[in-house]
Amino acid sequence: GFNMHRIALRIAAWLVMPAAATVVFAATAAAQSIGPFMVFFDRGSAVITPQGQAILDNAADAYRQSENTQQQVMIAGHTDLAVAGAHGVTESQKRANNVRDYLISRGIPAGVITTEAFGSTRPLLETPAGVLEPQNRRVEITFGPGSGW
């Protein structure tokens with residue numbers, strides 16, 4: 001149909017794109033957000049596990065290797081639905097703060113980092129209220145324009 005024809009035209013146009021346009025395309029792709037990197041936490045804990053440290057080391061390496069080492073870093077803390085309300089926000093902020101401090105210790109400038117605590121309002125996996133879901137106890141780290149939520 002019509003949409004397939006448009007897609008084919010776009011692909012054909014891309015295939016014959018001059019080299020200068022290809023460079024612009026590559027630069028645009030490089031400016032996109034990096035991540036998210038996700039670090040998971042034990043129930044009721046804001047302590048970064050050894051697995052979390054390895055993920056954060058990878059995130060810090062990716063940041064340092066990026067072309068823009070002054071790009072925004074967004075750190076978003078979350079809890080599972082077993083921790084609701086203000087307590088959930090407090091717990092997710094503690095996790096985000098610990099991740100921020102860890103990334104600063106690995107060379108990311110403090111001035112480019114923003115943290116936000118979402119508590120249980122944005123679960124990775126939907127569960128009934130009160131259900132313990134380890135994947136919802138997390139911090140997500142993204143870099144670049146439009147990073148975060």
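Structure shown above.
In this numbering scheme, every chain counts its residues from 1 along its sequence in written order. Restriction of local features to residues with pLDDT of at least 70 applies here, the model being predicted, together with a cutoff of 80 or more for giving and counting side-chain atom pairs; totals for whole chains, interfaces and linings are based on all residues. Water and hydrogen atoms were dropped before computing side-chain values, which therefore reflect all heavy atoms in the structure.

1. What about helix α3 (residues 50–65)?
Thought 1: Each helix is a run of DSSP H or I of at least 4 residues and each strand a run of E of at least 2, with the numbering of both proceeding from the N terminus. For a helix, the expected span equals 1.5 Å multiplied by the number of residues minus one. The end-to-end C-alpha distance of α3 is 23 Å, a good match for the 22 Å that 16 residues give at a rise of 1.5 Å each.
Thought 2: Accessible area is worked out with a 1.4 Å probe on protein chains only. A residue is then buried under 20% of its type maximum, exposed over 50%, and partly exposed in between. Listed in full, the buried residues belonging to α3 are G52, L56, A59, A60 and Y63. Angularly, the buried residues of α3 cover 100° about the axis, an arc narrow enough to put them on a single face. Exposed side chains of α3 directed beyond 90 degrees from the buried face belong to P50, Q51 and Q65.
Thought 3: Structurally, α3 contributes buried residues whose contacts are with β1 (34–40), β2 (73–77), α4 (85–105) and β4 (138–143). Each direction from the helix axis to a C-beta atom contributes to the arc, which is the arc of those directions. The contact definition used throughout considers only heavy atoms, calling two residues in contact when any of these lie within 4.5 Å.

2. What to know about the sheet that holds β2
Thought 1: In this scheme, strands are said to pair when DSSP sees at least two bridges between them. Within the open sheet, the 4 strands sit side by side as β1-β4-β2-β3. Their pairing is mixed. Because the sheet does not close on itself, it has two edges, and the strands there are β1 and β3 (113–117). Each neighbouring strand pair of the sheet contributes to a mean axis angle of 15°, computed without reference to strand direction.
Thought 2: Sheet topology note: the β2/β4 ladder contains 5 bridges and is antiparallel. Residue pairing across strands places M74 opposite T142, the latter belonging to β4.
Thought 3: Only the stretch in contact is used when fitting a helix axis, every axis being a line fitted to C-alpha atoms; angles between N-to-C directions are given from 0 to 180 degrees. Running over the sheet, α3 touches β1, β2 and β4 and is turned about 165° from β1.
Thought 4: Where α4 meets the sheet, its contacts fall on β2, β3 and β4, and the angle it forms with β3 comes to roughly 160°.

3. Topic: the packing of aromatic side chains
Thought 1: Between rings of Phe, Tyr and Trp, where Trp is taken as its six-membered ring, a pair exists when centres lie within 6.5 Å; planes separated by under 30 degrees are stacked, by over 60 edge-to-face, and by other angles tilted. Applying the stated criterion across every chain yields a total of 2 aromatic pairs.
Thought 2: For the ring pair F37 and F143, a centre distance of 5.9 Å and an interplane angle of 40° mean the geometry is tilted. With F37 in strand β1 and F143 in strand β4, this residue pair connects regions lying 106 residues apart in the sequence. Of the two residues examined, F37 and F143, each falls in the buried class.
Thought 3: Considering the side-chain rings of Y63 and F143, the 5.2 Å spacing of their centres and the 75° angle between planes classify their relative orientation as edge-to-face. Of the two residues, Y63 is situated in helix α3 and F143 in strand β4; the sequence distance between them amounts to 80 residues.
Thought 4: Aromatic rings pair up to connect F37, Y63 and F143 into one cluster.

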